[in-house]
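Now for the letters of each chain:
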Protein chains: 2
Amino acid sequence: MDQLAYDEYFIREALKEAEKAYKEGEVPVGAVVVINGNIVSRAYNRKETTFDPTAHAEILVIREAAKILGAWRLTDATLYVTKEPCIMCSGAIVNARIKRLVYGCDDPKGGGVVSLYKILNDKRLNHQVEVKSGILEEECRAILKRFFKELRESEN
Amino acid sequence: MDQLAYDEYFIREALKEAEKAYKEGEVPVGAVVVINGNIVSRAYNRKETTFDPTAHAEILVIREAAKILGAWRLTDATLYVTKEPCIMCSGAIVNARIKRLVYGCDDPKGGGVVSLYKILNDKRLNHQVEVKSGILEEECRAILKRFFKELRESEN
C-alpha cells in the first residue's frame, strides 16, 4: 500500500470516530493513534457529554495510547485526526513526542498547526512533528458542516 | 485583603501542591482553581507517575473543577499556578473560558503566555484571559531549581 492509501485508511478510521461524536451531539472530530500499522487507541470529541473542556479527540486518544503503552513518550506514534488540532491539542502532541500528525481539514479559526500558529514545527521547542494535511479533506469537512448546519436549524 | 495579598495567598496554596509533586519526583508545579474566594480544585503535575503526557497541574485542576461544577465553561474561575503554563495548558485555559490566570515564575523555554507565545491575549481566539504574573516568583522558581539541581546530581 502506498503512503497516501495508508494515510487515507486511518483517516477513514478517524472519521468513524467522528461519526460517533456526531450521533452524541458533539462537534464531530475523531482520532486514532497508530504505531507500526496498528491502531493503539481511538477516540472522539466528548466535551459536552463529559463536561470536560480538555476532552477533545486528540487529548483522549493520546491519554489512552499512553495508558496502554505505560509511557508518556509516544515517539513511534502517528496521530490521525479529522480536523486540524487546536492550540491545546497541538501543544499536547508536542508534549507527547508524537512522531507524525496526519489530519483532514484545516481549522482557520482555531488551528494550531498551520492556521493560527505553527506549533508542531517550532524549532524553539524540544520536539518537532512531521505534518501531513488534506487527507480526505472533503469528507472530514462535510461531517462538520452537516453538524453545524443542523445545529443552526435546531436553534431557529 | 488587597489584591496582591489575595493572589499571594492562593499562589501559596498552589506551592503546597508543587511540594507534593516534588516529593513524588515530578517536576514541581502546582495549581488551584478559585471561584468567589473558594478553592474548587487542587492539583500537581503527575506526568511521570501516571504515564500521562497531558497530566500537567493546570490540565488536572481544570478537569477536576469542571467535573465538580458539571460544566466545561469556567467563566468565573481564576487559575493559580506556580509556573507559566506551557502551550498545551495555555490552550486549555482559553478552551475552558477561564477568567483570570495568576502565576509565579516565567518559563522562557516553553511558556505559552508571555515567553514563546501570547495565547491568552490572542484576539483571533473567541476568549481572552486576564493575566497576572510574578506572584511569589522567587519561591515558585526556587522549588523548580532545587528539583533540577538534585536531578542532575543524582544522574552523576
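None of these values were measured; they are calculated from a predicted model. (Residues numbered from 1 in each chain as written. Chains lettered and ligands numbered in written order. Predicted model: local features only at pLDDT ≥ 70, side-chain atom pairs only at ≥ 80, totals over all residues. Heavy atoms only, no water.)

1. Some remarks on the sheet that holds strand β4 (residues 100-105) of chain A
Residue and element names in this part refer to chain A. Taken in spatial order, the 5 strands make up an open sheet running β2-β1-β3-β4-β5, and their pairing is mixed. Among the strands making up the open sheet, the edge pair consists of β2 (38-44) and β5 (130-132). Averaged over all neighbouring strand pairs, the angle between strand axes comes to 20°, with direction disregarded. One ladder, built from 4 bridges, connects strand β1 (residues 30-35) with strand β3 (residues 78-83); its direction is antiparallel. (Pairing = 2+ DSSP bridges. Helix = DSSP H or I, 4+ residues; strand = E, 2+ residues; numbered from the N terminus. Axes fitted to C-alpha atoms, helices over the stretch in contact; angles between N-to-C directions.)

2. Re the pairing of strand β4 (residues 100-105) of chain B
All names here are of chain B. For β4, a buried count of 6 out of 6 residues is recorded, marking the element as mostly surrounded by other parts of the structure. Direction of pairing for strand β3 (residues 78-83) relative to β4: parallel, over a ladder of 5 bridges. In the strand pairing of β4, Tyr 80 is matched with Val 102. Between the parallel elements β3 and β4, the chain passes through helix α4 (residues 87-95) in a crossover that is right-handed. Relative to strand β5 (residues 130-132), β4 is paired through 3 bridges, and the arrangement is parallel. What sits directly across from Arg 100, in β5, is Glu 130. (Buried < 20%, exposed > 50% of the residue type's maximum accessible area, 1.4 Å probe, protein only. Right-handed = clockwise from strand over helix to strand, strands pointing away.)

3. Description of the nonpolar core
Grouped together as the largest cluster of nonpolar side chains are 99 residues, with contacts concentrated most on Leu 79 of chain A together with Leu 79 of chain B. What Leu 79 of chain B contacts, discounting residues up to four positions off in sequence, is Ala 31, Val 32, Val 33, Glu 58, Val 61, Ile 62, Ile 93, Ile 98, Arg 100, Leu 101 and Val 102 of chain B. (Core = buried A, V, L, I, M, F, W, Y, C linked by side-chain atoms within 4.5 Å. Contact = heavy atoms within 4.5 Å.)

4. Things to note about the pattern of salt bridges
Residues and elements named next belong to chain A. Scanning the entire structure with this criterion turns up 26 salt bridges over all chains. Where Glu 17 meets Arg 42, a salt bridge forms, and the shortest distance between an N and an O atom there is 2.9 Å. With Glu 17 in helix α1 (residues 3-23) and Arg 42 in strand β2, this pair connects stretches of sequence that are 25 residues apart. Accessibility expressed as a relative area gives 2% for Glu 17, which makes it buried. (Salt bridge = Lys/Arg side-chain N within 4 Å of Asp/Glu carboxyl O.)

5. Remarks on the relation of the copies chain A and chain B
Once turned by 180° and shifted 0.0 Å along the axis, chain A lies on chain B with an RMSD of 0.0 Å. One copy is carried onto the other by what is essentially a two-fold rotation axis. Taking the C-alpha atom as reference, chain A places Met 88 of chain A closest to the rotation axis, 2.0 Å from it. Comparing contact sets, 100% of the residues at the interface of chain A also lie at the interface in chain B, consistent with an isologous, same-surface contact. (Least-squares fit on C-alpha atoms with pLDDT ≥ 70 in both.)

6. Some points on the interface of chain A and chain B
Accessible area lost when the parts come together is the quantity often used to give the size of an interface. Counting residues at the interface gives 29 residues for chain A, matched by 29 residues for chain B. Of the roughly 2,600 Å² buried at the junction of chain A and chain B (both faces included), carbon and sulfur atoms supply 63%. If you sort the residues of chain A by the area they bury against chain B, Pro 53, Trp 72 and Tyr 117 of chain A come out on top, with a joint share of 23%. The salt bridge involving Asp 52 of chain A is made with Arg 63 of chain B; its shortest N-O contact spans 3.1 Å. Of all the secondary-structure elements, those providing two or more residues to the side of chain A that touches chain B are α2 (47-50), α3 (57-69) and α4 (87-95) of chain A. Looking at the side of chain A that touches chain B element by element, the count peaks at 5 residues for α4 of chain A. Partitioned by chemical class, the residues of the side of chain A that touches chain B number 16 nonpolar, 5 polar and 8 charged. (Buried area = accessible area lost by both parts, 1.4 Å probe. Nonpolar A, V, L, I, M, F, W, Y, C, P; charged D, E, K, R; others polar.)

Structural measurements only, silent on function.
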